[in-house]
Amino acid sequence: MATTPAFKTTRDSEVFLSMLMQPSHSNFGGKIHGGYILSLMDQIAFACASKHSGTYCVTASVDTVNFRNPIEIGELVTMKASINYVGRSSMVVGIRVESENIQSGFVKHCNSSYFTMVAKDEAGDTALVPGLVLATESDVNRFLKSVRRLEAKQQNRKIQESLHPLSPTSLALLEGYNIRLNLTDQHE
Ligand code: GDP
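Within each chain, residue numbers correspond to sequence positions counted from 1 in written order. Totals for whole chains, interfaces and linings use every residue, but because this is a predicted model, local features are given only for residues with pLDDT of at least 70 and side-chain atom pairs only at 80 or more, for both listing and counting. Derived side-chain values reflect all non-hydrogen atoms in the structure, with water molecules and hydrogen atoms excluded from consideration.

**Student:** For this particular structure, what's the right way to read the site of the ligand?
**Tutor:** Taken together, 13 residues are adjacent to the ligand, and Ser 82, Arg 96, Ser 112, Tyr 114 and Lys 145 come closest. We define a polar contact as two N or O atoms separated by no more than 3.5 Å, with the added condition that, inside protein, one atom must be a possible hydrogen donor and the other a possible acceptor, whereas residues neighbouring each other in sequence contribute only through side-chain atom pairs. Within the side chain of Ser 112, an N or O atom sits 2.5 Å from an oxygen atom of the ligand. A distance of 2.3 Å is found between an oxygen atom of the ligand and a side-chain nitrogen or oxygen belonging to Lys 145. For the ligand, the accessible surface in isolation is 550 Å², of which the surrounding protein chains cover 79%. Here the ligand is seated within the largest pocket. A helix here means a DSSP run of H or I that spans at least four residues, while a strand means a run of E at least two residues long, and both kinds are numbered starting from the N terminus. Sorting the residues of the shell around the ligand by element identifies strand 4 (76-86), strand 5 (90-100), strand 6 (107-120) and helix 2 (137-162) as the ones contributing at least two each. With four residues, strand 4 is the single largest residue contributor to the shell around the ligand. Ten residue types, Ala, Val, Leu, Ile, Met, Phe, Trp, Tyr, Cys and Pro, are classed as nonpolar, four, Asp, Glu, Lys and Arg, as charged, and the remainder, Gly among them, as polar. Of the residues contributing to the shell around the ligand, the split by class is four nonpolar, four polar and five charged. Consider each residue's heavy atoms; a residue with any of them within 4 Å of a molecule or strand counts as near. All accessibility values rest on the Shrake-Rupley procedure with a 1.4 Å probe; residue burial counts only the protein chains present in the view. Buriedness for pockets is judged along seven lines, at least five of which must meet protein on both sides within 12 Å for an open set on the 1 Å grid over protein atoms alone, while cavities are sets there where a 1.4 Å probe fits but cannot get out, and lining residues have an atom within 4 Å of a point. If over half the atoms of a molecule are within 2 Å of the grid points of a cavity or pocket, the molecule is regarded as sitting in it.

If you want it as C-alpha coordinates, here you go:
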(Lines give C-alpha, C1' and ligand atoms only; values in the text may rest on other atoms or scores of the structure.)
Protein backbone atom coordinates (compact mmCIF):
# COMPACT_ATOMS: atom_id res chain seq x y z
CA MET A 1 0.00 0.00 0.00
CA ALA A 2 1.10 3.59 -0.62
CA THR A 3 2.23 6.05 2.09
CA THR A 4 -0.45 7.48 4.39
CA PRO A 5 -2.36 10.14 2.50
CA ALA A 6 -3.18 13.58 3.91
CA PHE A 7 -6.60 14.90 4.90
CA LYS A 8 -9.19 16.42 2.58
CA THR A 9 -12.38 18.36 3.22
CA THR A 10 -15.82 17.26 2.04
CA ARG A 11 -15.79 20.35 -0.21
CA ASP A 12 -12.71 19.04 -2.07
CA SER A 13 -14.67 16.17 -3.58
CA GLU A 14 -18.30 17.29 -3.78
CA VAL A 15 -20.03 16.64 -7.08
CA PHE A 16 -23.22 18.07 -8.57
CA LEU A 17 -25.09 16.82 -11.59
CA SER A 18 -28.17 18.23 -13.35
CA MET A 19 -29.94 16.38 -16.15
CA LEU A 20 -33.13 17.03 -18.07
CA MET A 21 -35.17 13.82 -18.13
CA GLN A 22 -35.78 12.57 -21.68
CA PRO A 23 -38.61 10.33 -22.96
CA SER A 24 -35.98 7.65 -23.73
CA HIS A 25 -35.38 7.32 -19.96
CA SER A 26 -38.99 6.46 -19.15
CA ASN A 27 -40.52 3.12 -18.19
CA PHE A 28 -43.75 1.56 -19.48
CA GLY A 29 -45.73 3.67 -16.97
CA GLY A 30 -44.39 6.93 -18.45
CA LYS A 31 -42.22 7.81 -15.43
CA ILE A 32 -38.43 7.95 -15.39
CA HIS A 33 -36.95 4.49 -14.95
CA GLY A 34 -35.57 3.88 -11.43
CA GLY A 35 -32.68 1.90 -12.93
CA TYR A 36 -31.60 4.92 -14.96
CA ILE A 37 -31.56 7.10 -11.81
CA LEU A 38 -29.57 4.39 -9.98
CA SER A 39 -27.01 4.30 -12.76
CA LEU A 40 -26.56 8.11 -12.59
CA MET A 41 -26.20 7.83 -8.80
CA ASP A 42 -23.54 5.15 -9.19
CA GLN A 43 -21.61 7.40 -11.58
CA ILE A 44 -21.76 10.41 -9.28
CA ALA A 45 -20.75 8.24 -6.30
CA PHE A 46 -17.77 7.01 -8.32
CA ALA A 47 -16.77 10.58 -9.27
CA CYS A 48 -17.01 11.82 -5.67
CA ALA A 49 -15.10 8.86 -4.18
CA SER A 50 -12.47 9.04 -6.89
CA LYS A 51 -11.97 12.78 -6.28
CA HIS A 52 -11.46 12.12 -2.57
CA SER A 53 -9.18 9.10 -2.92
CA GLY A 54 -7.35 10.10 -6.08
CA THR A 55 -7.71 6.50 -7.25
CA TYR A 56 -10.04 4.22 -9.16
CA CYS A 57 -12.97 3.13 -6.96
CA VAL A 58 -15.55 0.35 -6.94
CA THR A 59 -19.03 0.27 -5.44
CA ALA A 60 -19.16 -2.08 -2.43
CA SER A 61 -22.74 -1.53 -1.28
CA VAL A 62 -25.67 0.85 -1.44
CA ASP A 63 -27.76 1.70 1.58
CA THR A 64 -31.43 2.00 0.91
CA VAL A 65 -32.65 3.55 -2.26
CA ASN A 66 -36.28 4.40 -1.55
CA PHE A 67 -37.94 6.10 -4.47
CA ARG A 68 -40.03 8.60 -2.50
CA ASN A 69 -41.49 10.46 -5.48
CA PRO A 70 -41.70 9.48 -9.15
CA ILE A 71 -39.78 11.58 -11.68
CA GLU A 72 -41.62 12.83 -14.76
CA ILE A 73 -40.32 13.29 -18.31
CA GLY A 74 -39.15 16.91 -18.79
CA GLU A 75 -38.16 17.45 -15.16
CA LEU A 76 -34.70 18.62 -14.19
CA VAL A 77 -33.03 16.10 -11.90
CA THR A 78 -30.27 17.37 -9.64
CA MET A 79 -27.93 15.14 -7.67
CA LYS A 80 -25.66 16.44 -4.94
CA ALA A 81 -22.94 14.17 -3.59
CA SER A 82 -20.38 14.45 -0.84
CA ILE A 83 -18.22 12.21 1.30
CA ASN A 84 -19.97 11.36 4.58
CA TYR A 85 -17.41 8.98 6.06
CA VAL A 86 -13.99 7.50 5.37
CA GLY A 87 -12.36 4.37 6.72
CA ARG A 88 -8.92 3.11 5.69
CA SER A 89 -9.83 2.33 2.10
CA SER A 90 -13.61 2.77 2.11
CA MET A 91 -15.70 5.89 1.75
CA VAL A 92 -19.41 6.52 2.17
CA VAL A 93 -20.77 8.92 -0.42
CA GLY A 94 -24.12 10.49 0.41
CA ILE A 95 -26.31 11.51 -2.53
CA ARG A 96 -29.44 13.64 -2.48
CA VAL A 97 -31.65 13.45 -5.56
CA GLU A 98 -34.18 16.17 -6.28
CA SER A 99 -36.38 16.75 -9.30
CA GLU A 100 -37.70 20.12 -10.44
CA ASN A 101 -40.65 20.95 -12.62
CA ILE A 102 -38.91 23.67 -14.59
CA GLN A 103 -42.16 25.41 -15.54
CA SER A 104 -43.58 25.72 -12.02
CA GLY A 105 -40.26 25.65 -10.14
CA PHE A 106 -41.68 22.99 -7.78
CA VAL A 107 -38.85 20.83 -6.39
CA LYS A 108 -39.43 17.39 -4.89
CA HIS A 109 -37.05 15.23 -2.90
CA CYS A 110 -36.78 11.88 -4.74
CA ASN A 111 -34.29 9.98 -2.60
CA SER A 112 -31.23 10.11 -0.40
CA SER A 113 -28.83 7.20 -0.53
CA TYR A 114 -25.47 6.23 0.82
CA PHE A 115 -22.96 4.41 -1.41
CA THR A 116 -19.99 2.61 0.12
CA MET A 117 -17.07 2.86 -2.27
CA VAL A 118 -13.65 1.22 -2.02
CA ALA A 119 -10.42 2.75 -3.37
CA LYS A 120 -8.24 0.55 -5.57
CA ASP A 121 -4.64 1.01 -6.66
CA GLU A 122 -3.33 0.23 -10.12
CA ALA A 123 -2.75 -3.42 -9.21
CA GLY A 124 -6.38 -3.76 -8.13
CA ASP A 125 -5.51 -3.94 -4.40
CA THR A 126 -7.30 -1.77 -1.86
CA ALA A 127 -5.65 1.63 -1.44
CA LEU A 128 -5.49 3.93 1.58
CA VAL A 129 -7.65 7.03 1.31
CA PRO A 130 -7.05 10.51 2.76
CA GLY A 131 -8.67 11.27 6.11
CA LEU A 132 -11.68 13.58 6.25
CA VAL A 133 -11.64 17.10 7.66
CA LEU A 134 -14.98 17.68 9.40
CA ALA A 135 -15.36 21.44 8.98
CA THR A 136 -19.08 22.01 9.61
CA GLU A 137 -21.81 20.77 11.94
CA SER A 138 -23.36 19.03 8.95
CA ASP A 139 -20.04 17.22 8.23
CA VAL A 140 -19.95 15.97 11.84
CA ASN A 141 -23.63 14.99 11.75
CA ARG A 142 -23.26 13.02 8.49
CA PHE A 143 -20.11 11.28 9.74
CA LEU A 144 -21.86 10.22 12.97
CA LYS A 145 -24.95 9.05 11.05
CA SER A 146 -22.67 6.89 8.86
CA VAL A 147 -20.99 5.38 11.92
CA ARG A 148 -24.41 4.54 13.39
CA ARG A 149 -25.55 2.96 10.10
CA LEU A 150 -22.36 0.85 9.96
CA GLU A 151 -22.81 -0.26 13.58
CA ALA A 152 -26.46 -1.16 12.99
CA LYS A 153 -25.44 -3.22 9.94
CA GLN A 154 -22.77 -5.10 11.91
CA GLN A 155 -25.24 -5.74 14.72
CA ASN A 156 -27.81 -7.03 12.24
CA ARG A 157 -25.25 -9.33 10.63
CA LYS A 158 -24.31 -10.76 14.06
CA ILE A 159 -27.96 -11.45 14.93
CA GLN A 160 -28.56 -13.02 11.51
CA GLU A 161 -25.48 -15.27 11.82
CA SER A 162 -26.36 -16.36 15.36
CA LEU A 163 -29.84 -17.54 14.39
CA HIS A 164 -30.42 -20.83 12.56
CA PRO A 165 -33.27 -20.18 10.07
CA LEU A 166 -35.21 -23.19 11.37
CA SER A 167 -34.66 -22.60 15.09
CA PRO A 168 -37.83 -22.08 17.20
CA THR A 169 -36.82 -18.40 17.67
CA SER A 170 -36.47 -17.89 13.90
CA LEU A 171 -39.74 -19.67 13.12
CA ALA A 172 -41.54 -17.62 15.75
CA LEU A 173 -40.40 -14.47 13.89
CA LEU A 174 -42.32 -15.64 10.80
CA GLU A 175 -45.68 -15.39 12.55
CA GLY A 176 -48.01 -12.78 11.16
CA TYR A 177 -46.33 -12.51 7.74
CA ASN A 178 -48.09 -13.14 4.42
CA ILE A 179 -46.45 -16.54 3.94
CA ARG A 180 -47.21 -20.24 4.07
CA LEU A 181 -44.39 -22.37 5.47
CA ASN A 182 -43.91 -25.39 3.22
CA LEU A 183 -40.56 -27.04 3.79
CA THR A 184 -41.21 -30.27 1.88
CA ASP A 185 -38.74 -29.30 -0.90
CA GLN A 186 -35.76 -29.24 1.47
CA HIS A 187 -32.71 -31.05 0.12
CA GLU A 188 -30.21 -30.23 2.88
P1 GDP B 1 -28.41 13.88 5.26
O2 GDP B 1 -27.49 12.76 4.87
O3 GDP B 1 -29.08 13.60 6.59
O4 GDP B 1 -27.78 15.23 5.21
O5 GDP B 1 -29.66 13.83 4.22
P6 GDP B 1 -29.92 14.67 2.90
O7 GDP B 1 -31.11 14.06 2.24
O8 GDP B 1 -30.03 16.12 3.18
O9 GDP B 1 -28.65 14.46 1.99
C10 GDP B 1 -28.21 13.16 1.60
C11 GDP B 1 -26.76 13.26 1.21
O12 GDP B 1 -26.66 14.07 0.02
C13 GDP B 1 -25.89 13.98 2.23
O14 GDP B 1 -25.40 13.08 3.20
C15 GDP B 1 -24.79 14.59 1.39
O16 GDP B 1 -23.75 13.65 1.18
C17 GDP B 1 -25.49 14.87 0.05
N18 GDP B 1 -25.88 16.29 0.00
C19 GDP B 1 -27.03 16.86 0.47
N20 GDP B 1 -27.01 18.19 0.28
C21 GDP B 1 -25.83 18.46 -0.33
C22 GDP B 1 -25.21 19.67 -0.80
O23 GDP B 1 -25.75 20.77 -0.70
N24 GDP B 1 -23.98 19.53 -1.42
C25 GDP B 1 -23.36 18.33 -1.55
N26 GDP B 1 -22.16 18.29 -2.17
N27 GDP B 1 -23.91 17.19 -1.10
C28 GDP B 1 -25.12 17.25 -0.50
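Alright, that's what it looks like, and here's the rest.
**Student:** Hey, could you run me through the layout of surface pockets in this one?
**Tutor:** Think of a ball as big as a water molecule: rolled over the atoms, this probe shows where empty space is left. Grid points are joined across faces, edges and corners, and a volume is the space filled by probe spheres set on the points. Within this model, the largest pocket holds a volume of roughly 440 Å³. Lining the largest pocket are 22 residues, with Ser 82, Asn 84, Gly 94, Ser 138 and Arg 142 sitting closest to its centre. Of all elements in the fold, only strand 2 (15-20), strand 4, strand 5, strand 6 and helix 2 reach the threshold of two or more residues within the lining of the largest pocket. For the lining of the largest pocket, the element with the most residues is helix 2, which contributes five residues. For the lining of the largest pocket, the per-class residue count stands at six nonpolar, eight polar and eight charged.

**Student:** What is the right way to look at helix 1 (residues 34-53) in this model?
**Tutor:** An α-helix turns once per 3.6 residues; consequently, residues spaced three or four apart project the same way. For helix 1, built from 20 residues, the straight-helix expectation of 28 Å at 1.5 Å per residue is met to within 8% by its first-to-last C-alpha distance of 28 Å. By the burial criterion, the buried members of helix 1 are Tyr 36, Ile 37, Leu 40, Met 41, Ile 44, Ala 45, Cys 48, Ala 49, Ser 50, His 52 and Ser 53. In the segment just after helix 1, Gly 54 is the residue with positive phi, at about 75°. In a helix, the anticipated span is given by 1.5 Å times the number of residues less one. Exposure classes here rest on a 1.4 Å probe applied to the protein chains alone. A residue is buried below 20% of its type maximum, exposed above 50%, and partly exposed in between.

**Student:** What is the right way to read the environment of Leu 173 from this model?
**Tutor:** For Leu 173, the location among the structural elements is in helix 3 (residues 168-173). In the structure, Leu 173 is positioned 23 residues away from Leu 150 in sequence and 24 Å away in space, judged by C-alpha atoms.

**Student:** Just to check I follow, could you spell out empty space enclosed by the protein for this structure?
**Tutor:** Inspection of the entire model under this criterion finds one cavity of 30 Å³ or more. Estimated volume of the largest cavity: approximately 60 Å³. Asp 63, Val 92, Tyr 114, Thr 116, Ser 146, Arg 149, Leu 150 and Lys 153 together form the lining of the largest cavity. Looking at the lining of the largest cavity, the elements that each hand over two or more residues are strand 6 and helix 2. In terms of residues, the lining of the largest cavity owes the most to one element, helix 2, which gives four residues.

**Student:** Looking at this structure, I do not really get the nonpolar core. What am I missing?
**Tutor:** Side chains of a nonpolar character, in soluble globular proteins, are inclined to be buried together. In this structure, Met 21, Ile 37, Met 79, Met 91, Val 93, Ile 95 and Val 97 are the most contacted members of the largest nonpolar core, which totals 29 residues. Of all the elements in the fold, those that place two or more residues in this core are helix 1, strand 4, strand 5 and strand 6. Per element, the largest residue contribution to this core is eight residues, and it comes from helix 1. To qualify as a nonpolar core, a set must consist of buried Ala, Val, Leu, Ile, Met, Phe, Trp, Tyr and Cys residues joined through side-chain atoms within 4.5 Å.

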